[in-house]
Amino acid sequence: MRKAININDSWKFTKQDDVNAINKTYKAGNWEAVNIPHTWNAIDGANGFDFYKGACWYRKEFFLDAIDQGNKIFIEFNGSNSVTDVYVNGEHMGQHRGGYSIFRFDITEFVEFGTQNTLTVKVDNTVVDDVYPQMADFTFYGGIYRDVNLVIANPVHFDLMDYGSKGVYVIQENVSQEKALLTIKSKVVNDREENTKIRLWADILDADGHSAAYAAKEVTLPAGETKEIEMPVVIDNPTLWNGKKNAYLYEAKVSLVSFNDTIDELSIPFGARYFEVDAEKGFFLNGEHLSLNGVSRHQDRKDMGWAITKKEHDEDMELIKEVGATSIRLAHYQHDQYFYDLCDKEGMVVWAEIPFISVMSKTELEGINAKQQMIELIRQNFNHPSIIFWGIQNEIQISGERPELRKLVNELNQLTKQEDPTRLTTMANVMFVEDSDEYNHVTDTIGYNKYYGWYQGKAEDFAGWIDGFHKTNPHVKLGISEYGAEGILQYHSNDPKVKDYTEEYHALYHETVWNIFKERPFLWSTYVWNMFDFGANIRDEGGVKGRNNKGLITYDRKIKKDAFYMYKANWSDEKFVHITSKRFVDRPDDKMTVKVYSNCEEVTLYANGFKVSTKTSDGRTFVFENVPLQNGLNEIKVVAHESDVTFGDTARFNKVTEPNTSYSAPEEDRGGVVSNWFQMPDLEDVQVEEIEITDDVYSTRCTFNELMENKEANAILEKYLGDFAEHPMFGMAQGMKIDMIASMAEDLFTEKVMYTINKELTKIKKELTNSTKA
């Protein structure tokens, strides 16, 4: 029988790239003692641009009992970022390229039994041109940050080398309320030197452990070969996995039996369900409409990076449940198996994706690594009923218009449908992809990362764009894969505005946008970006370096921002009341407006012990205006009564004589993400005139890449904008047009700036390409 032995404890680690470390006799006495999970970027990964990228080494001694001799021995890594080389007793077992999936090596021929063995691992989080991601707006934490196990198996076993999968797939051929027609597909390895006859057995157990169905097959396995075996199974009148209403799980106990011995066995939880997306009506699960009120999640945690444990996964899930979400976009890479298990048990509908994000390799044009990671994601997670959508790319158009990119996106979709025809494909387009673009017709469903009200325009602009897209593409199944705004708890305002970073604008933004989304049922999903603040080493905005602050909850999971409660009021049935702006303590005005989020029908407000008024609201937002404040401390209390139960909340505000200046972001930190990218010129004396811009000349309609490839055009960019190519955010913006960047920072890219740049750029004729010449 198979054994899995966890070996997380008692490792040695060094941040030095010492190639001699592979030798078994190497002395690592002065290395740091660590346990797995571990990252070397726990602190510097979210504190600014200067975080360590490079090769580091781990060593571990392990013992194999003599009784295990004759079995197969595998080393299993559940997550190591991003290029990992594994050595056992000085011998190279192999290299894995990619930082998020399970991978294993067969180490049978290189271990010794009854004595100590040496495991040495080199991990490198340097970005290389044939491993994804190439560039992204989150920190690439280095290290062995998920569990490491030894797996001991009989020479006849379910395949452990099938892209890190379990080697067993429960395929849902046809599911209805009356029947679940399944196929149990198993890949079985015979590493014996002779043909071996076995019985493959599958017991399907219901949630109470009772038999629901079974299948069996007698098989002769050729020596030294892997055989794929399929067995049909039917469950009559199945209890369906029905999201949060009833996350019902069956268990497939699949075993290999030789004579009277069970030589390998796996337990596979799964849920039977069927689903569809309608371009007019949205998402349906088991024939019933389900609003996918979603949040996105990154896996890192303050001062821990990606090296988190089950405790942190559990905490994240409890918070997501509390807000009332029905769906999670697990961005932008494969997450821990434990969290997918939680999604299965809690009934969360999941969008799972690979890190084919932002920028495609400039040299490796076949997408070999992206395809590898897609296969790993699907095969390792095939049996999770929560996963309904496979995501093939996120904002990959940032790298610019490239025919090889379009080809690869199409190939990834085809590969995904080939690997798993039972689920739906999707992808997240960057905000500047045109409504009429062919990208919108590649996958089964589509998502857009749109940031009206933060990077562009105002929040209300969502309505016009969504309706316009739907009119242009009535058959495209549209979702919103990202939307959000920064919310930094230090900053507050009675008059919140775009890009002021205040908690008040953060909440108002989400109020506005959610009210637009909920009126458009044809949106198959919407995903808040993000559930939690997260590390983004290339960021520097709002006075905070190395972090994206768009979360509904802080990076350390300690504080729920006001916007969290706005969604809870709209999504959750758990009754509550919440006074907003509690952290906006110092108030210079004689009166204040008190905003309350609640899913109760009626709320009463008291100020300093006196009843002010009672209000009702259909929109889950209650606004009490002109609440009087007295000098010093003021106590505001709200109360609601539902079904003889009282719900309340209390806030305290301090009446002061002067505004608290710390509530405003410093001038140099306002203006959004673009504000510190460029060295803007002083062009106050420029007189703007009309310029004719044609397609045969350079202009601000071109991307940074296009302009920088021309020596004269690049010189003009440097003259007016500085050397942007050296900025950490350049990789994220290189495929964007200057006009697009300008729309994100209209206060910087004034009419005079744009006129001056275009006046000089339009004097330069574009070089003819081969297609133009033809």
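Structure: see above.
For the structure given in this document, a descriptive report is provided here.

Cut-offs and rules
- Residues numbered from 1 in each chain as written.
- Predicted model: local features only at pLDDT ≥ 70, side-chain atom pairs only at ≥ 80, totals over all residues.
- Heavy atoms only, no water.
- Helix = DSSP H or I, 4+ residues; strand = E, 2+ residues; numbered from the N terminus.
- Contact = heavy atoms within 4.5 Å.
- Salt bridge = Lys/Arg side-chain N within 4 Å of Asp/Glu carboxyl O.
- Buried < 20%, exposed > 50% of the residue type's maximum accessible area, 1.4 Å probe, protein only.
- Pairing = 2+ DSSP bridges.
- Phe/Tyr/Trp six-rings, centres within 6.5 Å; stacked < 30°, edge-to-face > 60°.
- Lys NZ or Arg CZ within 6 Å of the ring centre and 35° of its normal.
- Polar contact = N/O pair within 3.5 Å; in protein donor to acceptor, adjacent residues only side chain to side chain.

Looking at the environment of I268
Within the secondary structure, I268 sits in strand β22 (residues 261-270). Spatially, the C-alpha atoms of I268 and T756 are 64 Å apart, while their sequence positions differ by 488 residues. If sequence neighbours within four positions are ignored, I268 has contacts with K166, V168, V170, Y250, E251, A252 and N383.

Some thoughts on the pattern of salt bridges
Enumeration according to the criterion identifies 51 salt bridges in this entry. A salt bridge links R104 to E76; the nearest nitrogen and oxygen atoms lie 2.8 Å apart. Of this pair, R104 sits in strand β9 (residues 103-106) while E76 sits in strand β5 (residues 72-77); the two residues are 28 residues apart in sequence, bridging distant segments of the chain. Put simply, D316 and R557 hold a salt bridge, and the shortest N to O gap is 3.0 Å. Here R557 lies in the loop between β35 (544-548) and α7 (562-571) and D316 lies in helix α1 (residues 310-323), a separation of 241 residues in the sequence. As far as the burial class goes, D316 and R557 line up, both buried. One connected set of salt bridges, linked through shared partners, spans R297, R301, K311, E315, D316 and R557.

Side note on helix α2 (residues 337-346)
Burial within α2 is extensive, with 7 of its 10 residues counted as buried. G347, located one to two residues past α2, shows a positive phi value of around 80 degrees.

Regarding the sheet that holds strand β43 (residues 645-655)
Across the sheet, 5 strands lie side by side as β37-β43-β42-β39-β40; this open sheet has mixed pairing. Both edges of this open sheet fall to β37 (586-587) and β40 (610-616), since each of them pairs with a single strand only. Bridge analysis of strand β42 (residues 632-642) against β43 gives 11 bridges, and the strand direction is antiparallel. What sits directly across from L633, in β43, is N654.

Description of the packing of aromatic side chains
According to the stated counting rule, one finds 41 aromatic pairs in the structure shown. Measuring from centroid to centroid gives 6.1 Å for F13 and W40, while their planes differ by 15 degrees, and the two rings are stacked. Taken together, the positions of F13 in strand β2 (residues 11-14) and W40 in the loop between β3 (32-34) and β4 (55-63) put the pair 27 residues apart, joining distant regions of the chain. Each member of the pair, F13 as well as W40, is classed as buried. On the basis of an interplanar angle of 55 degrees and a centroid distance of 5.3 Å, the ring pair of Y141 and W306 is categorised as tilted. Placement of Y141 in the loop between β10 (116-124) and β11 (143-144) and of W306 in the loop between β26 (293-297) and α1 is noted, with a sequence separation of 165 residues between them. Comparing Y141 with W306 shows no difference in burial state: the two are buried. Linked through ring pairs, Y100, F138, F140, Y141, Y145, W306 and Y333 together constitute an aromatic cluster. One Lys or Arg, K568, reaches over the ring of F576 and ends 4.9 Å from the middle of that ring.

Considering the side chain of T84
Looking at the secondary structure, you find T84 in strand β7 (residues 83-88). When its relative accessible area of 0% is taken as the criterion, T84 is described as buried. For T84, the side chain forms a polar contact with the side chain of S80, separated by 2.8 Å.

As for unusual backbone geometry
In the segment running from A331 into H332, the intervening peptide bond is cis, with an omega of -20 degrees. Along the chain, the position of H332 falls in the loop between β27 (327-330) and α2. Cis geometry marks the peptide bond from W529 to N530, where omega comes out at 10 degrees. Within the element layout of this structure, N530 appears in the loop between β33 (526-528) and β34 (534-541). One non-glycine residue, Y501, lies in the positive phi region at around 65 degrees. Summarising the element assignment, Y501 is placed in the loop between β32 (478-483) and α6 (503-517). The buried category is assigned to Y501, whose relative accessible area is 0%. The backbone of D644 sits at a positive phi, close to 65 degrees, despite the residue not being glycine. Checked against the element boundaries, D644 lands in the loop between β42 and β43.

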